[in-house]
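Chain residues, written in single-letter form:
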Amino acid sequence: MAEFVNRDPGRAQLRPRIEIKPFRVACGEFISTSDVERQELKTAGFALVPDGIRFRKGMFAVQARGTSMQPRIDDGDWCIFVPDPGGTRNYRLVLVEDRNKSGVERYTLKKYRSKIDQRSDGTWVHSEIALWPLNVFEHAPIHLDALGNYDIRGWFVDRVRQISRIDEYRFE
């Protein structure tokens with residue numbers, strides 16, 4: 001879906017919109033909505049794709065919390081993601097969901113690094129998965145259990161300080 005935006009008088013521009021997720025993504029250890037003050041949670045909704053970012057299907061925005069991804073991502077920045085397209089994630093910044101606790105959604109944003117062991121039958125298995133901060137002087141990597149219940153929810157595209165929220169208009 002897209003919205004018309006008036007930049008100059010008489011010149012409307014069609015801009016796509018992206019979804020705003022209500023949770024905060026940790027730039028540190030995994031956090032859930034219960035770890036965040038109520039006033040920090042965001043209302044789900046939609047925003048215009050920020051200037052300079054090429055729209056891709058399924059794109060969404062989540063606000064960052066923490067300092068582990070500095071200097072690239074600051075606390076409070078809006079991080080833009082695309083859904084995990086599959087393929088290698090090595091050295092990509094990814095949004096990871098920890099699903100090890102039933103009924104609790106916990107997320108973090110880190111650089112993904114993994115090592116794989118090749119088997120004689122041509123298949124492979126992860127021998128190590130680590131989520132690395134960019135700010136390695138103040139934060140440690142998170143090592144994931146290969147048998148753990150983790151999902152890569154998105155690949156980082158870019159970050160912006162502010163987004164233009166779109167109000168949904170309901171016609172009666």
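Quick look at the structure, then.

Cut-offs used in this document
Numbering of residues starts from 1 in each chain and follows the order in which that chain's sequence is written. At least 70 in pLDDT is required for a residue's local features to be given in this predicted model, at least 80 for side-chain atom pairs to be given and counted, and no such filter applies to totals for whole chains, interfaces and linings, which use all residues. Side-chain metrics in this entry use all non-hydrogen atoms of the structure; hydrogen atoms and water are not considered. Runs of E in the DSSP output that reach at least two residues are strands. Runs of H or I that reach at least four are helices, and both are numbered from the N terminus. The rule for a salt bridge is simple: a side-chain nitrogen of Lys or Arg has to be within 4 Å of a carboxyl oxygen of Asp or Glu. Working definition: with a 1.4 Å probe on protein chains only, accessible area under 20% of the residue-type maximum means buried, over 50% means exposed, and in between means partly exposed.

1. Concerning unusual backbone geometry
- Geometrically, the link from Q70 to P71 is a cis peptide bond, its omega value of 15° lying close to zero.
- Here P71 is to be found in the loop between strand 5 (60-66) and strand 6 (78-83).
- The phi angle at Y91 is positive, at roughly 70°, despite the residue not being glycine.
- Along the chain, Y91 turns up in the loop between strand 6 and strand 7 (93-98).

2. Quick notes on the pattern of salt bridges
- Tallied over the entire structure, the rule returns nine salt bridges.
- D84 is the salt-bridge partner of R89, the closest N and O atoms lying 2.8 Å from each other.
- Overall, the relative accessible area of 23% leaves R89 in the partly exposed class.
- The partner of R99 in a salt bridge is D151, with the nearest N and O atoms 2.9 Å apart. Of this pair, R99 sits in the loop between strand 7 and strand 8 (106-118) while D151 sits in strand 11 (residues 150-160), placing them 52 residues apart in sequence.
- In this structure D151 comes out as partly exposed when scored by relative accessible area, which is 23%.
- Through salt bridges with shared partners, a single network forms among E97, R99, D151 and R153.

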